[in-house]
Amino acid sequence: MLKVAIIGLGTMGQHHVRVYSELGCDIVGLVDTDEARGKEFAQKYGSRWFSDYHDILDKAEAVSIAVPTSLHSLVAIDCLNKGIHCLVEKPIASTVDEARSMIEAAQKHAAKLMIGHIERFNPAVLKLKSLLDEGILGKLMIVSTRRVGPFAPRIRDVGIIIDSATHDIDVIRFLMNRDPVHVYAKSGSFRHEKEDHSVIVCDFGDAVGSIEVNWFTPHKVRTLVATGSEGIAYLDYIQQDLRVFNSVVNHDIVIEKGEPLKLELAHFLDCIITGKTPLTDGESSTKVLEIALEATQPRGTRVYV
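Residues numbered from 1 in each chain as written. Predicted model: local features only at pLDDT ≥ 70, side-chain atom pairs only at ≥ 80, totals over all residues. Heavy atoms only, no water.

Colleague: Quick question: what am I supposed to make of the overall build of the protein chain here?
Modeller: Assigned secondary structure in the protein chain consists of 8 helices and 15 strands. Against the compact-globule benchmark of 19 Å for 305 residues, the protein chain has a radius of gyration of 19 Å, which places it among compact chains. Seen through its C-alpha atoms, the protein chain measures out along the principal axes to roughly 55 × 40 × 40 Å. Considering the protein chain as a whole, with its 305 residues, one finds that 52% of them fall into the buried category. Within the protein chain, contacts between residues separated by at least 24 positions form 66% of all contacts whose residues are at least 6 apart in sequence. For the protein chain, the exposed surface amounts to about 13800 Å²; the carbon and sulfur share of it is 51%. Between the mean site of the 34 positive side-chain charges and the mean site of the 41 negative ones, the protein chain shows a separation of 1 Å. (Helix = DSSP H or I, 4+ residues; strand = E, 2+ residues; numbered from the N terminus. Rg over C-alpha atoms; globule rule 2.2 N^0.38 Å. Buried < 20%, exposed > 50% of the residue type's maximum accessible area, 1.4 Å probe, protein only. Contact = heavy atoms within 4.5 Å. Areas by Shrake-Rupley, 256 points an atom, 1.4 Å probe, with all protein chains shown as cover. Lys, Arg positive; Asp, Glu negative; His and termini not counted. Charge placed at Lys NZ, Arg CZ, Asp CG, Glu CD.)

Colleague: Is there a simple way to think about the packing of aromatic side chains in this case?
Modeller: Each pair of aromatic rings is reported with the distance of its centres and the angle of its planes. Summed over all chains, the structure comprises 4 aromatic pairs. Here the aromatic rings of Phe190 and Phe216 are separated by 5.8 Å at their centres, their planes lie at 80 degrees, and the arrangement is edge-to-face. Taken as a pair, Phe190 in the loop between β8 (182–188) and β9 (197–203) and Phe216 in strand β11 (residues 216–228) lie far apart in primary sequence, 26 residues in all. The exposed category is assigned to Phe190, whose relative accessible area is 63%. Here the aromatic rings of Tyr234 and Phe245 are separated by 5.9 Å at their centres, their planes lie at 85 degrees, and the arrangement is edge-to-face. Of this pair, Tyr234 sits in strand β12 (residues 231–236) while Phe245 sits in strand β13 (residues 241–246), placing them 11 residues apart in sequence. (Phe/Tyr/Trp six-rings, centres within 6.5 Å; stacked < 30°, edge-to-face > 60°.)

Colleague: Just to check I follow, could you spell out the sheet that holds strand β4 (residues 62–65) for this structure?
Modeller: Strand pairing within a sheet occurs via backbone hydrogen bonds; the two strands may be parallel or antiparallel. The 6 strands lie next to each other as β3-β2-β1-β4-β5-β6, forming an open sheet whose pairing is parallel. The sheet is open, and its two edges are formed by β3 (49–50) and β6 (113–116), each paired on a single side. Across 4 bridges, strand β1 (residues 3–7) lies against β4 in parallel orientation. Within the sheet, the bridge partner assigned to Ile7 lies in β4 and is Ile65. Packed onto the sheet, helix α7 (residues 260–274) meets β1, β4, β5 (85–89) and β6 and runs at close to 155 degrees relative to β5. (Pairing = 2+ DSSP bridges. Axes fitted to C-alpha atoms, helices over the stretch in contact; angles between N-to-C directions.)

Colleague: Please explain α7 as it appears in this structure.
Modeller: Residues spaced three or four apart along an α-helix face the same direction, because each turn holds 3.6 residues. The end-to-end C-alpha distance of α7 is 21 Å, a good match for the 21 Å that 15 residues give at a rise of 1.5 Å each. Listed as buried for α7 are Pro260, Leu261, Glu264, Leu265, His267, Phe268, Leu269, Cys271 and Ile272. Contact partners of the buried residues in α7: β1, α1 (11–22), β4, β5, β6 and α5 (123–134). At the C-terminal side of α7, Gly275 shows a positive phi close to 85 degrees. (Expected span 1.5 Å × (residues − 1).)

Colleague: I'm lost on the environment of Asp252 in this one. Help?
Modeller: Relative to the helices and strands, Asp252 resides in strand β14 (residues 250–252). At 3.0 Å, the side chain of Asp252 forms a polar contact with the side chain of Arg243. (Polar contact = N/O pair within 3.5 Å; in protein donor to acceptor, adjacent residues only side chain to side chain.)

Colleague: For this particular structure, what's the right way to read the pattern of salt bridges?
Modeller: Opposite charge on two side chains permits them to pair, given that their charged atoms come into close proximity. According to the stated counting rule, one finds 18 salt bridges in the structure shown. Where Arg18 meets Glu259, a salt bridge forms, and the shortest distance between an N and an O atom there is 2.6 Å. Residue Arg18 is found in helix α1, and its partner Glu259 is found in the loop between β14 and α7; the two are separated by 241 residues along the sequence. Look at Arg18 and you get partly exposed, because its relative accessible area is 22%. (Salt bridge = Lys/Arg side-chain N within 4 Å of Asp/Glu carboxyl O.)

Colleague: Just to check I follow, could you spell out the nonpolar core for this structure?
Modeller: Inside soluble globular proteins, nonpolar side chains tend to come together where they are buried. Residues Ile7, Val63, Ile65 and Leu113 are the most contacted members of the largest nonpolar core, which totals 72 residues. Sort the elements by how many residues they give to this core and helix α6 (residues 160–176) lands first, with 10 residues. When neighbours within four sequence positions are excluded, Leu113 is seen to be in contact with Leu80, Cys86, Val88, Ile92, Met102, Ile103, Ala106, Pro278, Thr280, Asp281 and Gly282. Of all hydrophobic cores here, the second largest spans 23 residues; its members include Leu9, Ile27, Ala42 and Phe121. (Core = buried A, V, L, I, M, F, W, Y, C linked by side-chain atoms within 4.5 Å.)

Colleague: Is there a simple way to explain the packing of α1 against α7 in this structure?
Modeller: The angle between the axes and the distance between the axes are what describe a pair of packed helices. The contact between α1 and α7 brings their axes to 10 Å, and the two run at 65 degrees. Note on packing geometry: the crossing formed by α1 with α7 is right-handed. In contact with Met12, His15, His16, Val19, Tyr20 and Glu22 of α1, α7 contributes Leu261, Lys262, Leu265, Phe268 and Leu269. Along the lines of polarity and charge, the residues of the contact of α1 with α7 split into 7 nonpolar, 2 polar and 2 charged. (Left-handed = near helix turned anticlockwise from the far one by under 90°. Nonpolar A, V, L, I, M, F, W, Y, C, P; charged D, E, K, R; others polar.)

Colleague: Quick question: what am I supposed to make of the pairing of strand β10 (residues 208–214) here?
Modeller: Each regular strand carries side chains that alternate between the two faces of the sheet. Two strands pair when backbone bridges link them, and strand β7 (residues 140–150) and β10 are joined in this way by 7 bridges, in the parallel orientation. Residue pairing in the sheet places Arg147 in a bridge with Val213 of β10. Pairing of β9 with β10 involves 7 bridges; the strand directions are antiparallel. Across the sheet, the residue bridging to Ile200 is Ile211, located in β10. Counting the residues that bridge the hairpin from β9 to β10 gives 4 residues, and of these Gly205 lies at a positive phi of roughly 85 degrees.

Shown next as C-alpha cells:
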C-alpha cells in the first residue's frame, strides 16, 4: 500500500483525497493552510493535517500537488529532491524554465513526474483516439473544441488559456499525434485581470485545431468535433458520449464510462509500481505549456517549432 499525501485541499485536492481513499492508499498527510478544512478532511479520511508541506516529506512515497500554479515548481522540486513521486495538477508550471527544473529534479532522483491533464483519461477521448488510429474517419483534418462556462472564483493566478485551454491543447496534440507548427490566438479581458475569453488556432500544416474558451457562458459546455476525410465524430467530455458518422457507421459508440480522475490516479500509481513512464509526463506537459504561453502573448502569428 503506497503512502500518499495531498498538498492543497481546494476543489481538486479534495477529490484527490477521496479517490486515493477509494484506491486503497495509505493517506499519510493532508496539507493546507486552512486549519478547519484540513482537520475536517483528515478526520473524514483517517489521516493527519499539516499546515506546512515540508512536514510530510519524510512520510510520503507519492504526493498530489494541487496548489496554485505559481507554486507548482517550488513544491514539486522540494518533493522530487526527496525522491517522492509527484502528480502535479495542470499546468505543469508557470514558466517553461520552471517546468524544465522539475523534469531535471525528477530525473536526478528517479522520481515519477506526472501532470494532471485529466481529459487524457476521459474514456470518450481514449475511445475516439483508438477509432482515429483505426482510420474510421480517414485522414484527420480538423479538431474543434468548446470549453465554456461561468467563472470559478477559485481561479486567481492564471487566465483562461492556462486554466482551461490547456486541457484541449493536450487533447488535440494527443489526437493529432504531433505538435502544431504555428499558433494563433485572439483573446481579451472583459471582466477579469487576465484574459477571460479566447479562440486559439493550432496549425498542424495539413490539419488544424481550434479551441474556444470563455468564462461568460452561464452553463458548462465541454465538447469536441473531429472532422476527417471520411467522416465526423462528436464528443461530449462531460457525458462521455461519442457519436460517429461515416459511410458505414451512424450511431453512438459504446463506451465503458468511468471517472477520469480515478483513471488518472490509478495510472499514476501503476507507473510508480511498474516503472512505466506516465502518459502525461513532464516533457509532454511542457509542450502543452509552451503552446499555451505562446497563445497568451499579445502579438501576431508565431512559429512554434
